[in-house]
Amino acid sequence: MAGTAGTGGGGGSTLRWLYLSAYNVVLFFGWLQILCLAIEALRKDGPASVYAAVEKPLQIWQTAACFEIFNSIVGIVRSPVSATLPQISSRLYVTWGILYSFPETREHFLVTSLILSWGVTEVIRYLFFALKEAFGVTPPMLLWIRYSTFFILYPTGIFSEAGLIYVALPFMKVSDLYCLRMPNVMNYAFDFYCAAILILGLYVPGGPYMYTYMIGQRKKALGKQKTQ
Amino acid sequence: MRLDILSRSGREVVKGGVELQDDATVDDLKKEIYKSVRKFYPARQRLTLPLESGQVRPTVLESGKKLKEYIEGNHAKVLFKDLGPQVGYSTLFFFEYIGPLLLYPIFYFYPAIYTYFGLPLRKEVHQAQTWALYAWSFHYSKRILETFFVHRFSHATSPISNVYRNCAYYWSFGAFIAYFVNHPLYTPVGEKQVMFGFALSVVAQMANFYTHIILKNLRAPDGKGGYQIPKGFLFNYITCANYTTEIYQWIGFNIATQTVAGYSFLAIAGLIMTMWALGKHKRLRRTFDGKEGRAKYPRRWVIFPPFL
């Protein structure tokens, strides 16, 4: 089986092959589960029921993406930390800092567009990398889908994320959750509400930055195919 | 000699190429390119020779050298890269330091801004807060004055994007620290600790000024001249004594003011300076290896005696 890893393009060890294949296969099924649960809940009980249906798997599989930050820091995968870190930390922030911490947001219709945008993107992405890492194959159709869906799913995802932060703002303002007030001996204060406004501000340059990054990735991936 | 100036995509940067005397220097070539494309002043230009087979990094045509050292014959190709708009180091430093110098006093003199954050108006000003204002303003004034009257820069320039990046770092950290030190609910530390902290800060800043004078004298007034081993005062023990004293000044400031914001700035600045110091130490050891008549770099601490 180690021979397949060689053709996979990484040229790494068996351990690397095993780790990356397992990671991508597991995450593929994890996100497939989220997506199926979301669609089922949406059909049965409407948008307000989506969050309750996906909560646990969403928290588990989205948190598992921390491995991806680790992978790019250590250099197991080629994607730069400057791309994985903002993407995954913003996802974790919305998953734990908004949806988990402020239940008032959970029935908003933006949760549906959020889960569908994330879900479809991740199912395609993990399937793509699972096939690539485990068997060294990249079906052209899948490659094209992997590098094209973001044209729509990135804006909808980013808009849903930012929208939900905005929806949570009034609840943060009246809550003391995660806040630290002065006076204290280390002269430090933290206000979750102010932090959220700052983070919303970061979406303004961050969104276009990630979008152009993906356009660049698309050119690289699809351009290479043509010359072959 | 005749040189074709090509971009990396193979396009001609100067139409028809450049004609130069055989003893021309790299700088003459850059001036000649500047003459025909007015946008590309010499500091913006990076000139290299085309890659030869098996070569990974291209040979860079360095300022001050003769073209003959790189090029044989009368006709050759030179690759041109636009480095983008450049600024001098004194401009970069000035904009970095002017932010903290002007932003900090706003938080001290206009306590009303805290009411916008839903906080009460300051009832009393602690001694530590006033001294902190003096220490901060003195520090950044010193850095700006040193930039113009002490430091001697090489002719190197910095891309303009560094100005934005570094200003974002210095300005936001300056405001962040000022916000907490001048906070209406600020808790000062004991009087002895305040005095010890500011005393350390003042001593460290004077020592830091002296290290900058020593470094200035290593460089010839025209910015040229070779690399030298720093000597005298703390440099006899530490390679980057200028960073050591800078860090001690911030340690003193933090002992006196005690804020998480200030300590996090200290940690990040310390980390950045440590990386620079390791680079400089390595470069000095490599340059002065004691072989073929070259001086041998003495055994010294890098930045933090007795640890590093």
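What you see is a predicted model; the values in this text were computed from it and never measured. (Residues numbered from 1 in each chain as written. Chains lettered and ligands numbered in written order. Predicted model: local features only at pLDDT ≥ 70, side-chain atom pairs only at ≥ 80, totals over all residues. Heavy atoms only, no water.)

We now examine the pairing of strand 1 (residues 2–6) of chain B. All names here are of chain B. Counting buried positions over the five residues of strand 1 gives four, a clear majority of the element. Note: strand 1 against strand 2 (residues 18–19), two bridges, orientation antiparallel. Bridging across to strand 2, leucine 3 finds its partner in valine 18. (Buried < 20%, exposed > 50% of the residue type's maximum accessible area, 1.4 Å probe, protein only. Helix = DSSP H or I, 4+ residues; strand = E, 2+ residues; numbered from the N terminus. Pairing = 2+ DSSP bridges.)

All names here are of chain B. Residue placement: glutamate 96 occurs in helix 2 (residues 89–109). For glutamate 96, which is buried and forms no salt bridge, the nearest opposite charge comes from arginine 143, at a distance of 5.6 Å. Glutamate 96 has contacts with Asn166, Cys167, Tyr170 and Trp171, leaving out every residue within four places of it along the chain. (Lys, Arg positive; Asp, Glu negative; His and termini not counted. Salt bridge = Lys/Arg side-chain N within 4 Å of Asp/Glu carboxyl O. Contact = heavy atoms within 4.5 Å.)

We now examine the UniProt feature "transmembrane region" (unreviewed entry) in chain B. When the UniProt feature table is mapped to this numbering, "transmembrane region" (unreviewed entry) covers residues 87–110, 168–187, 194–215 and 260–278 of chain B. Taken end to end, residues 260–278 of chain B has its terminal C-alpha atoms 27 Å apart, with 100% of it in helix and 0% in strand. (UniProt positions renumbered as here; feature names shortened; annotations may be inferred.)

The next thing to look at is a nonpolar patch on the surface. Residues and elements named next belong to chain A. A surface patch of nonpolar side chains, about 530 Å² in accessible area, is lined by Trp96, Tyr100, Leu177, Tyr178, Leu180 and Phe190. Structurally, the position occupied by tryptophan 96 is in helix 5 (residues 81–100). Residue tryptophan 96 is classed as partly exposed on the basis of its relative accessible area, which comes to 32%. (Patch = residues over 30% accessible without salt bridge, like charges linked within 9 Å, V, L, I, M, F, W, Y side chains within 5 Å. Areas by Shrake-Rupley, 256 points an atom, 1.4 Å probe, with all protein chains shown as cover.)

Attention shifts here to the nonpolar core. Ranked by internal contacts, the top residues of the largest apolar core, which has 45 residues, are Tyr104(B), Trp136(B), Tyr140(B), Ile177(B), Phe198(B), Trp250(B) and Phe253(B). When contributions to this core are tallied by element, the ones reaching two or more residues are helix 2, helix 3 (127–149), helix 4 (160–181), helix 5 (191–218), helix 6 (241–257) and helix 7 (260–287) of chain B. What Ile177(B) contacts, discounting residues up to four positions off in sequence, is Trp136(B), Phe253(B), Ala261(B), Gly262(B) and Phe265(B). By size, the runner-up hydrophobic cluster in this structure holds 39 residues, among which are Ala64(A), Ile115(A), Ala196(A) and Leu200(A). (Core = buried A, V, L, I, M, F, W, Y, C linked by side-chain atoms within 4.5 Å.)

With that settled, consider unusual backbone geometry. For the bond from Met182(A) to Pro183(A), the omega torsion is 5°, close enough to zero to count as cis. You can see Pro183(A) is positioned in the loop between helix 8 (150–174) and helix 9 (192–227). With an omega of 0°, the peptide bond between Pro305(B) and Pro306(B) qualifies as cis. With respect to the helices and strands, Pro306(B) occurs in the segment after helix 7. Of note in the backbone geometry, Tyr178(A) takes a positive phi value of approximately 60° without being a glycine. With respect to the element layout, Tyr178(A) can be found in the loop between helix 8 and helix 9. Within the chain, Phe233(B) stands out as a residue other than glycine whose phi angle is a positive 55°. By relative accessible area, Phe233(B) is classed as partly exposed at 34%.

Along its sequence, chain B is organised into domain 1 (2–84) and domain 2 (87–287). Taken over C-alpha atoms, the centre of domain 1 of chain B sits 40 Å from the centre of domain 2 of chain B. (Domains from an automatic or database assignment.)

Residue and element names in this part refer to chain A. In this numbering, the UniProt entry assigns the feature "transmembrane region" (unreviewed entry) to residues 17–39, 151–172 and 184–204. The span residues 17–39 is 100% helix and 0% strand, and its two end C-alpha atoms sit 33 Å from each other. Between the end C-alpha atoms of residues 151–172 there is a gap of 32 Å, over a span that is 100% helix and 0% strand.

Mapped onto the elements, Gln258(B) comes out in the loop between helix 6 and helix 7. Within the local environment of Gln258(B), its side chain forms a polar contact with the backbone oxygen of Val185(A), the two atoms lying 3.1 Å apart. Within polar-contact distance, the side chain of Gln258(B) engages the side chain of Gln193(B) at 3.4 Å. If sequence neighbours within four positions are ignored, Gln258(B) has contacts with Val185(A), Met186(A), Asn187(A), Val189(B), Gln193(B) and Tyr263(B). (Polar contact = N/O pair within 3.5 Å; in protein donor to acceptor, adjacent residues only side chain to side chain.)

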